[in-house]
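For reference, the chains in residue letters:
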Amino acid sequence: MSPLTFESWYQTAYPRLVRSLTAVCGDADLAADATAEALARLWERWDAGAVVNPDGWTFQVALNLVRRGQRRLALERTILRRERQTPQREPDVHPEVWRALNELPRRQREAIALRYVADLTEADVAHVMGVAVGTASATLTSARRTLATALDHLNLEETHGRH
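Asker: Please clarify how the nonpolar core should be interpreted in this entry.
Answerer: What tends to happen in soluble globular proteins is that the nonpolar side chains get buried as a cluster. Formed by 15 residues in total, the largest nonpolar core has its most connected members in Leu-101, Leu-104, Ile-112, Val-125 and Leu-147. Mapped onto this core, the elements with two or more residues apiece are α4 (95-103), α5 (106-117), α6 (122-129) and α7 (133-151). Top element by residues in this core is α7. It accounts for five residues. Among all residues touching Leu-104, those that are not within four sequence positions of it are Arg-109, Ile-112, Ala-143, Thr-146 and Leu-147. Within the second largest apolar cluster, 12 residues are counted, among which are Leu-21, Ala-31, Ala-38 and Ala-62.

Listed below in structure tokens is the structure:
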């Protein structure tokens, strides 16, 4: 008897796995995605013989992926529901400020948004951007200088009634 090839096993396992997972979760797209990911993970291990029972292993991995996907969807729905309940208002920002921000290099624009819109510390900005704190600080300094030069002609405090 010849050894089972991945291709021959896949031909019978794929439709059975998708049907089973669809029955479990009720979502054919989620089932197909989980099946594809589980099969890709099995394929990586196939030649090494690391999986003794490909049917059971693949079903377990795919089922875990379905569960993770369902938790993620539930969390996304909760977050969306909260966002819909909290009215979002555009910040009252002078159009020239938007223009100046859009003209910044991407990295500087991201740093400014993280620091002043998301209200993160410089250390958190550095972590999010994947750079050293000194690099984040220098990026913010450069961005602030560029913005100050670009917006020097505006008196933003008086325009918006803040003194």
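Okay, back to it.
Asker: How do you make sense of the pattern of salt bridges when you look at a structure like this?
Answerer: Opposite charge on two side chains allows them to pair when their charged atoms are near. Applying the stated criterion to the full structure yields six salt bridges. Glu-37 is the partner of Arg-41 in a salt bridge, and the nearest nitrogen-oxygen pair spans 2.8 Å. Separated by four residues within a single helix, Arg-41 and Glu-37 lie in helix α2 (residues 28-46), roughly one turn from each other. Residue classification places Arg-41 among the partly exposed residues on the basis of a relative accessible area of 29%. Under the relative-accessibility criterion, Glu-37 is labelled partly exposed at 35%. Across the pair Glu-96 and Arg-99 runs a salt bridge whose closest N-O atoms are separated by 2.9 Å. Of this pair, Glu-96 and Arg-99 are both found in helix α4, three residues apart, which corresponds to roughly one turn of the helix. Judged by its relative accessible area of 32%, Arg-99 falls in the partly exposed class. Within this structure, Glu-96, Arg-99 and Glu-103 form a network of salt bridges that share partners.

Asker: What exactly am I supposed to notice about the packing of α5 against α6 here?
Answerer: Two packed helices can be described by the angle between their axes and the distance between those axes. Two elements in contact, α5 and α6, have axes separated by 9 Å at closest approach and are oriented at 135 degrees. As the angle between them shows, α5 and α6 are arranged oblique. For the pair α5 and α6, the crossing hand works out as right-handed. Seen from α5, the contacting residues are Arg-107, Glu-110, Ala-111, Leu-114 and Arg-115; seen from α6, they are Glu-122, Val-125, Val-128 and Met-129. Considered class by class, the residues forming the contact of α5 with α6 number five nonpolar, no polar and four charged.

The rules behind these values
- Residues numbered from 1 in each chain as written.
- Predicted model: local features only at pLDDT ≥ 70, side-chain atom pairs only at ≥ 80, totals over all residues.
- Heavy atoms only, no water.
- Core = buried A, V, L, I, M, F, W, Y, C linked by side-chain atoms within 4.5 Å.
- Buried < 20%, exposed > 50% of the residue type's maximum accessible area, 1.4 Å probe, protein only.
- Helix = DSSP H or I, 4+ residues; strand = E, 2+ residues; numbered from the N terminus.
- Contact = heavy atoms within 4.5 Å.
- Salt bridge = Lys/Arg side-chain N within 4 Å of Asp/Glu carboxyl O.
- Axes fitted to C-alpha atoms, helices over the stretch in contact; angles between N-to-C directions.
- Parallel < 35°, antiparallel > 145°, perpendicular 65-115°, else oblique.
- Left-handed = near helix turned anticlockwise from the far one by under 90°.
- Nonpolar A, V, L, I, M, F, W, Y, C, P; charged D, E, K, R; others polar.

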